[in-house]
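Listed below, chain by chain, are the residues.
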Amino acid sequence: MNKIFIKPYQSHLGNVLIGVYDHQLCLLDWQYRKQRVAIDHRVTKYLDASYIFEDHPLHQKVIEQLQEYFCKKRKQFEIPLLLTGSAFQQTVWNELMKIPYGYTISYLTLSRKLNHEKAIRAVASANGANALSILIPCHRVIASNGELTGYAGGLTVKKKLLQIEGALNRGQLNLF
């Protein structure tokens with residue numbers, strides 16, 4: 001059976017699991033989230049693999065780049081990503097990666113960009129199923145009224161990530 005090399009990492013914002021498959025990052029997710037079992041099941045099934053807690057050289061590169069991000073020294077990541085989801089989910093996640101550092105958009109705007117305005121709930125669900133937190137910046141998606149809503153790491157972490165990026169320092173959130 002194929003192996004996903006897993007390493008827990010305790011960041012100052014919370015515990016994350018880092019998963020590497022075939023020299024690509026397939027998991028960077030909050031360890032204690034409501035959908036932990038569902039995410040793990042989807043990733044392992046998609047890759048026909050099982051988790052093994054063993055170091056991989058990419059783990060350290062991910063940790064170093066996360067630390068640089070947390071210290072405001074990195075705005076873009078240079079990590080090979082492996083998206084493990086349906087075609088629709090991958091479309092949503094690819095659109096999320098187009099949201100610039102320091103900016104936010106609403107779920108409605110995201111749905112419109114995907115030409116699925118009436119599928120806002122499906123878009124929000126795909127956003128929530130993101131297994132590559134921070135690198136696929138689902139934290140940059142907010143409610144149409146500017147409120148912070150739903151985040152796998154919790155709203156406190158979402159707010160801190162947006163503060164790191166300066167998205168909350170503009171006086172109001174950017175909705176476009």
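Residues numbered from 1 in each chain as written. Predicted model: local features only at pLDDT ≥ 70, side-chain atom pairs only at ≥ 80, totals over all residues. Heavy atoms only, no water.

Under an unreviewed UniProt entry, the name given to the chain is methylated-DNA--[protein]-cysteine S-methyltransferase, and the organism recorded is Nonlabens ulvanivorans. You can read under Sequence similarities (unreviewed entry) in the UniProt record for the chain the words "Belongs to the MGMT family." (UniProt positions renumbered as here; feature names shortened; annotations may be inferred.)

Visitor: Hey, could you run me through the overall build of the chain in this one?
Guide: Scanning the chain from N- to C-terminus turns up six helices and six strands. Reading the secondary structure of the chain in the N-to-C direction produces β-β-β-α-β-α-α-β-α-α-β-α. Over its C-alpha trace the chain gives a radius of gyration of 16 Å, about what one expects of a compact globule, namely 16 Å for 176 residues. On the principal axes, the C-alpha backbone points of the chain span a range of 45 × 35 × 25 Å. Counting only residues that meet the buried cut, the chain has 50% of its 176 residues in that class. Of all intrachain contacts in the chain linking residues separated by at least 6 positions in sequence, the fraction that spans at least 24 positions is 62%. A total of about 9,100 Å² of accessible surface is found on the chain, and carbon and sulfur atoms cover 51% of it. When the 22 positive and 13 negative side-chain charges of the chain are each reduced to one mean point, those points stand 8 Å apart. (Helix = DSSP H or I, 4+ residues; strand = E, 2+ residues; numbered from the N terminus. Rg over C-alpha atoms; globule rule 2.2 N^0.38 Å. Buried < 20%, exposed > 50% of the residue type's maximum accessible area, 1.4 Å probe, protein only. Contact = heavy atoms within 4.5 Å. Areas by Shrake-Rupley, 256 points an atom, 1.4 Å probe, with all protein chains shown as cover. Lys, Arg positive; Asp, Glu negative; His and termini not counted. Charge placed at Lys NZ, Arg CZ, Asp CG, Glu CD.)

Visitor: Any chance you could explain the UniProt feature "domain: Methylguanine DNA methyltransferase ribonuclease-like" (unreviewed entry) in the chain here in plain terms?
Guide: Taking the UniProt record as the reference, the feature "domain: Methylguanine DNA methyltransferase ribonuclease-like" (unreviewed entry) is found at residues 9–82. Secondary structure across residues 9–82 divides into 35% helix and 31% strand, with the first and last C-alpha atoms of the span separated by 19 Å.

Visitor: Explain the pattern of salt bridges here, please?
Guide: Pairing is possible between side chains that carry opposite charge, provided their charged atoms lie close to one another. In total, this model carries nine salt bridges according to the counting rule given. With its nearest N and O atoms 3.1 Å apart, the salt bridge here joins K7 to D55. Placement of the pair is K7 in strand 1 (residues 2–11) and D55 in the loop between strand 4 (49–53) and helix 2 (57–70), with a sequence separation of 48 residues. Here E117 and R112 are joined by a salt bridge, their closest N and O atoms 3.3 Å apart. When salt bridges that share partners are traced, they join D29, R33, R36 and D40 into one network. (Salt bridge = Lys/Arg side-chain N within 4 Å of Asp/Glu carboxyl O.)

Visitor: Help me understand the domain arrangement of the chain, please; the structure alone is not making it clear to me.
Guide: Each domain of the chain was delimited in the assignment, giving domain 1 (2–71) and domain 2 (87–174). Summarising the inter-unit geometry, the C-alpha centres of domain 1 and domain 2 are found 20 Å apart. In this assembly, 17 residues from domain 1 lie in contact with 21 residues from domain 2. Between domain 1 and domain 2, roughly 1,500 Å² of surface is buried when both sides are summed, and carbon and sulfur atoms account for 63% of that area. Ranking the residues of domain 1 by area buried against domain 2 places L13, W30 and Y69 at the top, with a combined share of 43%. Across the domain 1-domain 2 interface, the total number found is zero salt bridges. The element that contributes the greatest number of residues to the side of domain 1 that touches domain 2 is strand 3 (residues 24–30), accounting for six residues. (Domains from an automatic or database assignment. Buried area = accessible area lost by both parts, 1.4 Å probe.)

Visitor: Honestly, the sheet that holds strand 4 in this entry has me stumped. Any pointers?
Guide: The strand order across the open sheet built from four strands is 3-2-1-4, with neighbouring strands paired in mixed fashion. Among the strands making up the open sheet, the edge pair consists of strand 3 and strand 4. In this sheet, neighbouring strand axes are inclined to one another by 30° on average, regardless of whether the strands run parallel or antiparallel. Taken together, the five bridges between strand 1 and strand 4 define a ladder with parallel strand orientation. What sits directly across from K3, in strand 4, is S50. Against the sheet, helix 1 (residues 36–47) makes contact with strand 1, strand 2 (14–21), strand 3 and strand 4, and its axis sits at roughly 170° relative to strand 3, the strand it touches most. (Pairing = 2+ DSSP bridges. Axes fitted to C-alpha atoms, helices over the stretch in contact; angles between N-to-C directions.)

Visitor: Teacher, can you tell me more about the packing of helix 3 (residues 87–96) against helix 5 (residues 120–128) here?
Guide: The packing of two helices is summarised by the inter-axis angle and the distance between the axes. Axis separation between helix 3 and helix 5 bottoms out at 9 Å; the angle between their running directions is 75°. In terms of their interaxial angle, helix 3 and helix 5 are classed as roughly perpendicular. Between helix 3 and helix 5, the contacting residues are F88, Q89, V92, W93 and L96 on the first element and A122, V123, A126 and N127 on the second. Broken down by class, the residue content of the contact of helix 3 with helix 5 amounts to seven nonpolar, two polar and no charged. (Parallel < 35°, antiparallel > 145°, perpendicular 65-115°, else oblique. Nonpolar A, V, L, I, M, F, W, Y, C, P; charged D, E, K, R; others polar.)

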